[in-house]
Amino acid sequence: MNFDWLKQFLAILIPFAATLAIGAYVHYYTISETERVTWESSELLNVGLARSALNRDLSNVISDLIFLSSYIERQGFAEDGLLHDTQVGQLFYTFIKEKRLYDQVRFIDLNGQERVRVNFSSGQPELVSPSQLQDKSKRYYFLETMELTPGEIYLSPLDLNIEEGEIERPYKPVMRFAVPIYVADQEKKGILVLNYLGERLLNDFNRAAANIADHIHLLNAQGYWLSSPNRGDEWGFMLAHKRRFSDSHAEAWGEIGDLGSGQLRTPEGLLTFETVTPWIVASQTMHGISESGYAIPPDTSHWKVVSEVPQSRYLPGFWLFIRQHLPLYFVILLVLLFGSWLLASANLRHRNAQRQSEYERRFRQTLEDMQLAAITLDTDNRLIFCNDYFLRLTGWEQEEVLGCDWVDRFVDAAEREAIQDTFSALLTESDVSRDVEVDVRMKLFGHRRIAWHNTLSTDSQGRVIGITAIGEDVTDRRKAEDKVRKLSHAVEQSPSIVMLTNSQGLIEYVNPKFTEVTGYRPDEVIGKRPNVLKSGETPSEEYAKLWTTVGQGEEWRGEFHNRRKNGELYWESASISALKNPQGEITHYVAVKEDITERKRLQQEIDMHNQELARTQALTSMGRMASMIAHDLRNPLSSVKMCMQMLSKQAESELAELSVIALDQIRYMENILTDMLTYARPEAVKVEWVNIEKLLDTTLLSLQRRIDESRVQMAVDHRPGLPALPADANKLRQLFSNLIVNAIQATENRSADERKIEIQSNQVLAESGSTIEVSICDNGDGLPEEELERLFEPFYTTRTKGTGLGLAIVQQIVDQHHGKVQLELRDNGGVCAKISLPTTPAED
């Protein structure tokens, strides 16, 4: 036995151990490959981010250079060709103050003499006095820039700044961007030079590569460090140490220099690199400024962004893997040993048990294995056999029922006589039905409905000695059938439409209410799809949503605008759900619908009545108030205004000034009265074809005095070819005037040189038709988001002055033109008012 056990043990353990070894190797290989791929992907991503940061900074500098050179060429020189030193200096001062990216901005004349220079020192711009301006005629960037033709730009290498022939300390990395300046007659006047602070470029580079800061390098074309985790290695081409990356990685450097980007696996580790070519970045930046005509002379200088991951981090060795996972695999091995011991012991016990039970299994009766009730009765209806299924079903124990009278124990008194007659007929007649259903009494409570199939039992001489019956529990089936009958009756009599389709959406059943509502008989729609009722009024997106919902087994609720057989449209509320079989598969869809046409009509009438009643009440109140104001205030106010005008003409200077102030307040009160009358008694729209560009221009012209007084910069952009639109020109002029005045007021807290309003108009094509969209945006302080919805309410205002009717009048005019208006907060501060007006006349 011990030998048998050992064979079982080894037969189980050896395959498990082999599987464990293979699993360990696969585990090691998977982890190794995963770490390798992760490192490579991560390095590619981070090196790419660092390269993108460098490209972005270079692109921004080129844009600034083009802006300054264009300004100087257009406005930097007088008609006699002399440089506007003061104007250009102020421009440089403002530019370097706002940008904070440049060490110096200079204009150098044809002789190499600095004419204007602004330094950025200690965080503040400084306009250099003429006595401190230097001669740069011998500097390489001046000589090379002077050789450029109109439209070409010079880019210097990134190196350390030199002052008075010495490297400036502390080290100040700079990169010079220069362009020759030509006036309109193509006469060269000098060069513009930007000294870009390389520290900013390197800081952006390091921030972008912060995840790999301990092993990323920025190198120039000769392999010298511009940025390194070891700061002592940097600037070898200018400093005495002369250290460079290409010396310590000579073999890899040759391949890195030949390729633009990629990864190299070396014995020391993983090298990931990207190339940054400043002149290519500059060319791409200027490609979008086609009208400028700028170009970059091709240059071979470039930078290399290189990350270096040591071999020990990049590919951990097999023994390191073993050390890390030894506890895990040791535990698994112990589990295998213990499991193999248990399985070997269990197998041995199981074999012994099989030998013991083989004889017993041969004599197991077939009826004991049946999942049906099985009983045998003698000729006196006494129970002489029953299987386990019957006992479990009824709750009785075998010793409690064997030998008892079947009819007395299991059949109710009301059915006993009928069952007794059935048994007697079976024993005496051959043509009696052998199938019978009877309610069988349970031990504890209740009954189960059993469908029995009866067979006569005979002895060896052929004499009937009893009845064997096989029974099936049909209690749930009969309840379900009864429930179906009731449900079918309820569906037939339902006041709602009930429709049943198969899984393909073909109609299989409709109840009488369907015919009553739609006019279609069942034979006209069965076998067809429900879209026979489709009117085209319900969007196709709603149908797609419906089928997606019910296809997922969920219930969909909604409304349809369908068409009856006679062509009449009607509304119906529908609930559609899926029916599933026991396997969870959708077999049918059932829809319960209700005709809600009359309900929607009544609701629509109620809503329209309520809206009209509210508007009528509001306008009535406003009308009464406006009439009172016109009668009681306007005439006296006009008299006061006339007196003040006469007084201002005759009064002395101080009294005249007070009269002017009083007249301004009177005009303000008149404007309030005008707004109230305009809102309370809106005039009818006089439609004509209006050119929106001319209308906006005339509106701005009428507000020019207000704009000049407020010192607001207006930026107007009209999309070419805007169509005319049907509108009331006077009302739209008032609409745009109100919005522009609001925008001007919103910018009052800004300094005078920062106030800006942008007006744009363009055409928008949508499914509902063509519209013209006008946006009026300010850069003011903005508003709380919760205030936006209330600003169009009459008499609601966030200002100390004003009635709150300006935007209410805007809403009123937009509604009269069947358009839309909304306010949106801008990300950088301020508010945008967007007005959409249809380009086609509204249908009555």
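(A) Structural detail: the overall build of the protein chain. Looking only at helices and strands, the protein chain has 24 helices and 31 strands in total. Counting the 844 residues in the protein chain, one finds 39% classified as buried. With an accessible surface of roughly 48200 Å², the protein chain has 53% of that area assigned to carbon and sulfur atoms.

(B) Structural view of the pattern of salt bridges. A full pass over the atoms with the stated rule returns 40 salt bridges. When the shortest N-O distance is used, the salt bridge between R441 and D412 registers 3.4 Å. Of this pair, R441 sits in strand 17 (residues 435–441) while D412 sits in the loop between helix 13 (406–410) and helix 14 (413–428); the two residues are 29 residues apart in sequence, bridging distant segments of the chain. Residue class for R441 comes out partly exposed when judged on its relative accessible area of 25%. Residue classification places D412 among the partly exposed residues on the basis of a relative accessible area of 24%. The partner of R448 in a salt bridge is D476, with the nearest N and O atoms 4.0 Å apart. Taken together, the residues R448 in strand 18 (residues 447–458) and D476 in helix 15 (residues 475–493) connect sequence positions 28 residues apart. Take R448: its relative accessible area is 22%, and that puts it in the partly exposed class.

(C) Layout of a nonpolar patch on the surface. Taken together, the side chains of F330, V331, L333, L334, V335 and L337 make up a nonpolar region of the molecular surface, amounting to roughly 520 Å² of accessible area. Within the fold, V335 resides in helix 9 (residues 318–362). According to the relative accessible area criterion, V335 is exposed, its value standing at 52%.

(D) Region of the structure containing helix 4 (residues 198–208). Inspection of helix 4 places G198, L201, L202, D204 and F205 among the buried residues, and these make up the whole buried set. Along the long axis of helix 4, the arc covered by the buried residues comes to 160°, so they all point the same way.

(E) Inspection of a negative patch on the surface at higher detail. A cluster of acidic residues, E251, E255, D258 and E268, forms a negative patch on the protein surface. Turning to its location among the elements, E268 is positioned in the loop between strand 12 (261–266) and strand 13 (269–276). Exposure remark for E268: the relative accessible area of 52% places this residue in the exposed category.

(F) Seen up close, the sheet that holds strand 11 (residues 225–227). The strand order across the open sheet formed by five strands is 11-10-14-13-12, and the pairing between neighbours is antiparallel. Two strands lie at the open edges of the sheet, namely strand 11 and strand 12, each paired on one side alone. Each adjacent strand pair in this sheet contributes to an overall mean axis angle of 30°, direction not counted. With two bridges joining them, strand 10 (residues 216–220) and strand 11 adopt antiparallel strand pairing. Looking across to strand 11, one finds that L219 is bridged to W225. Each of strand 10, strand 12, strand 13 and strand 14 (303–310) touches helix 6 (residues 250–258); the most contacted strand, strand 12, lies at about 165° to it.

(G) Representation of empty space enclosed by the protein in the model. Using the criterion set out here, one finds three cavities of 30 Å³ or more in the structure. Here the largest cavity is characterised by a volume of approximately 100 Å³. Along the walls of the largest cavity sit I375, L377, W406, I419, T422, F423, V436, V438, W452, N454, I467 and A469, which together make up its complete lining. Of all the secondary structure elements, the ones that give two or more residues to the lining of the largest cavity are strand 15 (373–378), helix 14, strand 17, strand 18 and strand 19 (464–473). Tallying contributions element by element places helix 14 first for the lining of the largest cavity, with three residues. Across the lining of the largest cavity, the residue classes tally to ten nonpolar, two polar and no charged.

(H) The arrangement of the sheet that holds strand 17 in detail. Sheet architecture is open: five strands sit in the order 16-15-19-18-17, paired in antiparallel fashion. Each edge of the open sheet carries a strand with a single partner, namely strand 16 (383–386) and strand 17. If you compare each strand with its neighbour and ignore which way they point, the axes differ by 30° on average. Two elements, strand 18 and strand 19, share nine bridges in a ladder whose sense is antiparallel. Looking across to strand 19, one finds that W452 is bridged to G471. Together, strand 15, strand 17, strand 18 and strand 19 form the strand contacts of helix 14, whose direction differs from that of strand 17 by roughly 140°. Its contacts with the sheet place helix 15 against strand 17, strand 18 and strand 19, and it is angled at close to 130° to strand 18.

(I) Here's a closer look at the pairing of strand 17. Residues V436, V438 and V440 of strand 17 are buried on one face, while the alternating residues D435, E437, D439 and R441, pointing to the opposite face, are not. In this structure, strand 17 lies alongside strand 18, joined through seven bridges in antiparallel fashion. In the sheet register, V436 faces strand 18, and the bridge partner there is W452. If you look at the hairpin formed by strand 17 and strand 18, you'll find five residues sitting between the two strands, and G446 has a positive phi there, around 80°.

(J) Inspection of the pairing of strand 30 (residues 820–825) at higher detail. Of the strand pairs in this sheet, strand 30 and strand 31 (residues 831–838) are connected by six bridges, and their pairing is antiparallel. Residue pairing in the sheet places V821 in a bridge with I835 of strand 31. Hairpin connection of strand 30 to strand 31: five residues between the antiparallel strands, including G829 at a positive phi of 100°.

(K) The arrangement of the nonpolar core in detail. Counting residues in hydrophobic clusters, the biggest one holds 54 residues, and the most contacted among them are F92, Y102, V105, F177, L192, W303 and V305. Ranked by the residues each element gives to this core, the list is headed by helix 1 (residues 2–75), at eleven residues. Excluding residues within four positions of it along the chain, V305 makes contact with V47, A50, L54, F205, I216, H217, L218, T272, F273, E274 and V276. With 36 residues, the next largest nonpolar core counts A727, V741, V814 and A833 among its residues.

(L) Here's a closer look at the side chain of N46. Tracing the chain through its elements places N46 in helix 1. Look at N46 and you get buried, because its relative accessible area is 4%. Within polar-contact distance, the side chain of N46 engages the side chain of N211 at 3.3 Å. Setting aside residues up to four positions removed in sequence, N46 forms contacts with N211 and I212.

Scoring rules and cut-offs
- Residues numbered from 1 in each chain as written.
- Predicted model: local features only at pLDDT ≥ 70, side-chain atom pairs only at ≥ 80, totals over all residues.
- Heavy atoms only, no water.
- Helix = DSSP H or I, 4+ residues; strand = E, 2+ residues; numbered from the N terminus.
- Buried < 20%, exposed > 50% of the residue type's maximum accessible area, 1.4 Å probe, protein only.
- Areas by Shrake-Rupley, 256 points an atom, 1.4 Å probe, with all protein chains shown as cover.
- Salt bridge = Lys/Arg side-chain N within 4 Å of Asp/Glu carboxyl O.
- Patch = residues over 30% accessible without salt bridge, like charges linked within 9 Å, V, L, I, M, F, W, Y side chains within 5 Å.
- Arc of directions from axis to C-beta.
- Lys, Arg positive; Asp, Glu negative; His and termini not counted.
- Charge placed at Lys NZ, Arg CZ, Asp CG, Glu CD.
- Pairing = 2+ DSSP bridges.
- Axes fitted to C-alpha atoms, helices over the stretch in contact; angles between N-to-C directions.
- Contact = heavy atoms within 4.5 Å.
- 1 Å grid on protein atoms, 1.4 Å probe; cavity = no way out; pocket = protein on both sides within 12 Å on 5 of 7 lines; lining within 4 Å.
- Points joined across faces, edges and corners; volume = space filled by probe spheres on them.
- Nonpolar A, V, L, I, M, F, W, Y, C, P; charged D, E, K, R; others polar.
- Core = buried A, V, L, I, M, F, W, Y, C linked by side-chain atoms within 4.5 Å.
- Polar contact = N/O pair within 3.5 Å; in protein donor to acceptor, adjacent residues only side chain to side chain.

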